[in-house]
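Single-letter residue listing:
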Amino acid sequence: MKIDLSGQVILATGGSSGIGKGIAIHAAKCGATVAIVSRDEPDMRAVVDAIEADGGTASWAHADVTDSDAVKAAVEKTVQRHGHLDAVVANAGTNGTWAPIDEMTPDEWRKTIDVNLTGTYLTIHHSVAHLRKRGRGSIVIMSSINGTRTFSNEGASAYASSKAGQFAFAQMLALELAPSKIRVNVICPGSIQSEIHDKTNRENLEKIETPIEYPEGDIPLTGGEYGSPEQVANAAAFLMSDLSSHITGTPIWIDGGQSLIV
């Protein structure tokens, strides 16, 4: 059955690259009007141009998700431009610094928590009132296998903690927002093709390396090949559609079985 998001206005943070870009493009193909929120204006423009060239409708708004006023302005700009808001994908994130805990600085810790966890809070905090006005809505939070099933990535303590926080946050909100008919679900990707891997700052991890022997390829379903943003986008579109109308507070691990062995 084809996923139909016609008539929906969807806001996606971090929609200018990687998983967020994949979700924005796929949601537009499913008929949604997509609003991208990011810090990278040229990349946002490129995604919007690609969507419009394919016959879709999209817009962009500049915001750092750690800046409450900027996030509020981006959400309000989206609603003013498109009339309403039906779904939110809290996807913006960073891998941050991976380092031994006694070497990770408070600023490195804070930056990861601020982007991944506080950024998710601010995105939802400023969006919920608009979802309530529609009488229903869907929120998809992008967590990770790290901090939810996988704990063997040495040095990723800040990242895993932020992702565990997102996981708990989603389940708390699923109950809180259920009376408003707003569903909240969480996606936990494993290794997905994305630029984020190149932006990870790894420092002295050999000091705390965890000895692991993988089977042939550390992603059983693919023999080690990373998943694609489109595979995550398919799940996100499903969770924003009426096909998932009775699903809330539910995690989906998209990792080809990776988290079951690490």
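Here is what the cut-offs are and how they apply
Residues numbered from 1 in each chain as written. Predicted model: local features only at pLDDT ≥ 70, side-chain atom pairs only at ≥ 80, totals over all residues. Heavy atoms only, no water. Helix = DSSP H or I, 4+ residues; strand = E, 2+ residues; numbered from the N terminus. Rg over C-alpha atoms; globule rule 2.2 N^0.38 Å. Buried < 20%, exposed > 50% of the residue type's maximum accessible area, 1.4 Å probe, protein only. Contact = heavy atoms within 4.5 Å. Areas by Shrake-Rupley, 256 points an atom, 1.4 Å probe, with all protein chains shown as cover. Lys, Arg positive; Asp, Glu negative; His and termini not counted. Charge placed at Lys NZ, Arg CZ, Asp CG, Glu CD. Phe/Tyr/Trp six-rings, centres within 6.5 Å; stacked < 30°, edge-to-face > 60°. Lys NZ or Arg CZ within 6 Å of the ring centre and 35° of its normal. Salt bridge = Lys/Arg side-chain N within 4 Å of Asp/Glu carboxyl O. Pairing = 2+ DSSP bridges. Axes fitted to C-alpha atoms, helices over the stretch in contact; angles between N-to-C directions. 1 Å grid on protein atoms, 1.4 Å probe; cavity = no way out; pocket = protein on both sides within 12 Å on 5 of 7 lines; lining within 4 Å. Points joined across faces, edges and corners; volume = space filled by probe spheres on them. Nonpolar A, V, L, I, M, F, W, Y, C, P; charged D, E, K, R; others polar.

A. Highlighting the overall build of the protein. A count of helices and strands for the protein gives seven helices and nine strands. Its C-alpha atoms give the protein a radius of gyration of 18 Å, within 12% of the compact-globule value 18 Å for 262 residues. When its C-alpha atoms are laid out on the principal axes, the protein stretches across 55 × 40 × 40 Å. Per-residue burial for the protein yields a buried fraction of 52% across its 262 residues. Of the contacts made within the protein by residues no fewer than 6 positions apart, 77% connect residues no fewer than 24 positions apart. Counting every atom, the protein has about 12,200 Å² of accessible surface; 50% of that belongs to carbon and sulfur. Treating the 21 positive side-chain charges of the protein as one cloud and the 31 negative ones as another, the clouds have centres 10 Å apart.

B. Spotlight on the packing of aromatic side chains. According to the stated counting rule, one finds two aromatic pairs in the structure shown. Taken together, a centroid distance of 6.1 Å and an interplanar angle of 35° make the contact between Phe-167 and Trp-253 tilted. Linking Phe-167 in helix α6 (residues 157-177) with Trp-253 in strand β9 (residues 251-254), this pair joins segments that are 86 residues apart in sequence. Since its relative accessible area comes to 24%, Trp-253 is described here as partly exposed. Over the aromatic face of Trp-253 sits the side chain of Arg-149, whose NZ or CZ is 3.9 Å from the ring centroid.

C. Here's a closer look at the side chain of Thr-112. Its location among the elements puts Thr-112 in helix α4 (residues 106-125). For Thr-112, a relative accessible area of 1% puts it in the buried group. Excluding residues within four positions of it along the chain, Thr-112 makes contact with Thr-94, Asn-95, Gly-96, Thr-97, Leu-117, Ala-158, Tyr-159 and Ser-162.

D. Quick look at the environment of Ile-139. Relative to the helices and strands, Ile-139 resides in strand β6 (residues 137-142). What makes Ile-139 buried here is its relative accessible area of 1%. Here the alpha-carbon distance between Ile-139 and Ala-236, two residues 97 residues apart in the chain, equals 9.4 Å. Not counting the four nearest positions on each side in its chain, Ile-139 is found in contact with Val-88, Ile-124, Val-128, Leu-131, Leu-177, Ile-182, Arg-183, Val-184 and Asn-185.

E. Broad picture of the pattern of salt bridges. Applying the stated criterion to the full structure yields five salt bridges. When the shortest N-O distance is used, the salt bridge between Glu-41 and Arg-45 registers 3.0 Å. Of the two residues, Glu-41 and Arg-45 both sit in helix α2 (residues 41-53), four residues apart, roughly one turn of that helix. Among the residues examined, Glu-41 registers a relative accessible area of 30% and is labelled partly exposed. The salt bridge partner of Asp-86 is Arg-134, with a shortest N-O separation of 2.9 Å. Of this pair, Asp-86 sits in the loop between α3 (68-82) and β4 (87-90) while Arg-134 sits in helix α5 (residues 128-134), and the two are 48 residues apart along the sequence. By relative accessible area, Asp-86 is classed as buried at 10%. Residue Arg-134 is classed as partly exposed on the basis of its relative accessible area, which comes to 40%.

F. View of the side chain of Gln-166. Structurally, the position occupied by Gln-166 is in helix α6. Take Gln-166: its relative accessible area is 0%, and that puts it in the buried class. Once residues within four sequence positions are removed from consideration, Gln-166 is found in contact with Asn-116, Leu-117, Thr-120, Ile-141, Met-142 and Ser-143.

G. Representation of the sheet that holds strand β2 (residues 33-38). Spatial ordering of the open sheet is given by β3-β2-β1-β4-β6-β7-β9, a layout of seven strands whose pairing is parallel. The sheet is open, and its two borders are formed by β3 (57-62) and β9, each paired with just one other strand. Between one strand axis and the next, the sheet turns by 20° as a mean value, whatever way the strands run. Of the strands in this sheet, β1 (9-13), β2, β4, β6 and β7 (182-189) are in contact with helix α1 (residues 18-29), which crosses β2 at around 165°.

H. Seen up close, the layout of surface pockets. Estimated volume of the second largest pocket: approximately 370 Å³. Taken together, 19 residues make up the lining of the second largest pocket; nearest its centre are Arg-136, Gly-137, Lys-181, Arg-183 and Asp-242. For the lining of the second largest pocket, the secondary-structure elements that each account for two or more residues are β6 and β7. Its residues placed into classes, the lining of the second largest pocket shows four nonpolar, eight polar and seven charged.

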